[in-house]
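# Report on the structure
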Amino acid sequence: MAEFDRTLLPSTASTIFESVFRPTLDAFLGAHHGIGRPTLTGLAETAGEFDRSETDGVISIHRRFGVLVRSRWGHVPLYSAIGFEQATERDVALESLAGLDGLEVFGERLEVQTLMAWPHPEPVREGLLEAAMSSLPSGAALHDCDERAMQVAENLRRRLQILVGIRSALTPVEREILEIDALPGYVWAMGERGVVVARVLGLGEVREVPALLQVDLWKFWQSTVARVCNLAPNQRATVLETHTRAPGAADALKDIVDDLTKTLRAFNRASRRPTKMLGTEPQDFESAIVAGLQRRQTMVEAMSAALGIPSDHVISTGSREFVIYLEPEDPAFFRGANGMLMRRVDRSGPFSVSVRMVGAVDEAFNEYREWSREINALGVEVGQSNLLHGLDDLLGFGRGGRFVELR
């Protein structure tokens, strides 16, 4: 491993970019690069600066494109956010930069660890975790636990168990965005004023480190945690928390879900809130709904296993019927905004999904009224919603925004 003087480190990122990255690029607007490993949300926010330009004091906004890169040269972590005028230029750069992985540069191996198009081509399912948690039996997230200092390690192990369970049901991209692409762990220390806890990517265990109390919460805390905890080069602190008392296991699932959901939402915002494009044939809706429900069910099973809930209490079965009405007067750019989605779920049978399109809103409401007569039947649920909002929820994008766009 190359050794660097502290005063030389700031120039390392520029040297690598100019000598290795730049020769592979054609036209590009500019680049932000440096040493470290920022979150993908932070890099996406940096790439968003390429949308702004100023001429003679006048600021104009453009829809530009970028590439987010996180790499490692020897043991030195590097990052870049590179801006482009056109999507085609960005796509060519993605291919060129991928070819740099494994290259030997100045006697050290260059690893291209993350290479992502910006804006991200599709939204991440920011509502998935909350939807899965709401599908668990009532009170499943609560656990009686002694909150004395001696229970800190056990409570953190419980949180780690839940976090690892959730991680197992995420895609590789979601794990990277959430900074749990490697197995996480916790280090902690108990002091007179409370408890200091750091989440460490790649640790995979809970460890007490009294020296953690020396960490200054505001200045270079990640490098200080790495030093006092003797972290390996492939381990890094991603979250630092302080508690006036021992962090308990009660509501651990909700705390973790809230934290991860906030990160997914921030990433979607930093990616200019991309949309999920769907066709308007019954089979288009059906395949998208099935995929969304399957993702939710996989997450429910992962959460239930982490919480020790018997699987027969959470497995989602039953037939699902959907009736969809599309308003023909909706403008093309806002198609489906005035549509309706009616749903009927009968949990007594095996899992199935069927979608039927109707040509008049009265026809949709008539179907809903017929279904409503069964509302007292055991295991039968009916509901209605705006089409786009209902699809957002079913596909795991949550209820707070418009992510589905109809062709």
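Heads up: the structure comes first, above all this text.
Below is a short write-up of the structure. (Residues numbered from 1 in each chain as written. Predicted model: local features only at pLDDT ≥ 70, side-chain atom pairs only at ≥ 80, totals over all residues. Heavy atoms only, no water.)

## Describing the overall build of the protein
- Counting its secondary structure elements, the protein contains 11 helices and 17 strands.
- When contacts within the protein are restricted to residue pairs at least 6 apart in sequence, those whose partners lie at least 24 apart make up 69%.
- About 20200 Å² of surface is accessible on the protein, with carbon and sulfur atoms providing 50% of the total. (Helix = DSSP H or I, 4+ residues; strand = E, 2+ residues; numbered from the N terminus. Contact = heavy atoms within 4.5 Å. Areas by Shrake-Rupley, 256 points an atom, 1.4 Å probe, with all protein chains shown as cover.)

## Examining empty space enclosed by the protein
- For the structure on display, the rule yields two cavities of 30 Å³ or more.
- The calculated volume of the largest cavity comes to roughly 50 Å³.
- Around the largest cavity sit Ala-13, Ile-16, Phe-17, Phe-21, His-33, Gly-34, Ser-71, Leu-78, Tyr-79 and Ser-80, which together line it.
- Contributions of two or more residues to the lining of the largest cavity are made by helix H1 (9–21), strand E1 (30–35) and strand E5 (76–84).
- When residues of the lining of the largest cavity are assigned to their parent elements, the largest contribution, four residues, is made by H1.
- Considering only residue class, the lining of the largest cavity consists of six nonpolar, four polar and no charged. (1 Å grid on protein atoms, 1.4 Å probe; cavity = no way out; pocket = protein on both sides within 12 Å on 5 of 7 lines; lining within 4 Å. Points joined across faces, edges and corners; volume = space filled by probe spheres on them. Nonpolar A, V, L, I, M, F, W, Y, C, P; charged D, E, K, R; others polar.)

## Section: the sheet that holds strand E16 (residues 380–386)
- Reading across from one edge, E15-E13-E14-E16 is the order of the four strands in this open sheet, with mixed pairing throughout. Unpaired on one side and paired on the other, strand E15 (352–358) and E16 mark the two borders of the sheet. Averaged over neighbouring strand pairs, the angle between their axes works out to 15° when direction is ignored.
- As judged from the seven bridges shared by strand E13 (residues 319–325) and E15, these two strands associate in the parallel manner. The partner of Arg-320 across the bridge, within E15, is Val-353. (Pairing = 2+ DSSP bridges. Axes fitted to C-alpha atoms, helices over the stretch in contact; angles between N-to-C directions.)

## Quick look at the pairing of strand E4 (residues 65–73)
- For E4, the buried fraction is high: eight of the nine residues fall into the buried class.
- Inspection of the sheet shows E4 paired to E5 by nine bridges, in the antiparallel sense. Among the inter-strand pairings, Gly-66 is bridged to a residue of E5, identified as Gly-83.
- If you look at the hairpin formed by E4 and E5, you'll find two residues sitting between the two strands, and Gly-74 has a positive phi there, around 60°.
- As paired elements, E4 and strand E7 (residues 108–118) share eight bridges and run antiparallel to each other. Counted as the bridge partner of Arg-72 is Glu-111 from E7. (Buried < 20%, exposed > 50% of the residue type's maximum accessible area, 1.4 Å probe, protein only.)

## Let's talk about the pattern of salt bridges
- Under the defined criterion, the tally for this structure stands at 22 salt bridges.
- Between Arg-90 and Asp-91 there is a salt bridge; the shortest N-O distance is 3.1 Å.
- Given a relative accessible area of 11%, Arg-90 falls into the buried group.
- Here the residues in one salt-bridge network are Arg-37, Arg-70, Glu-176, Glu-179, Asp-181 and Arg-236, joined through shared partners. (Salt bridge = Lys/Arg side-chain N within 4 Å of Asp/Glu carboxyl O.)

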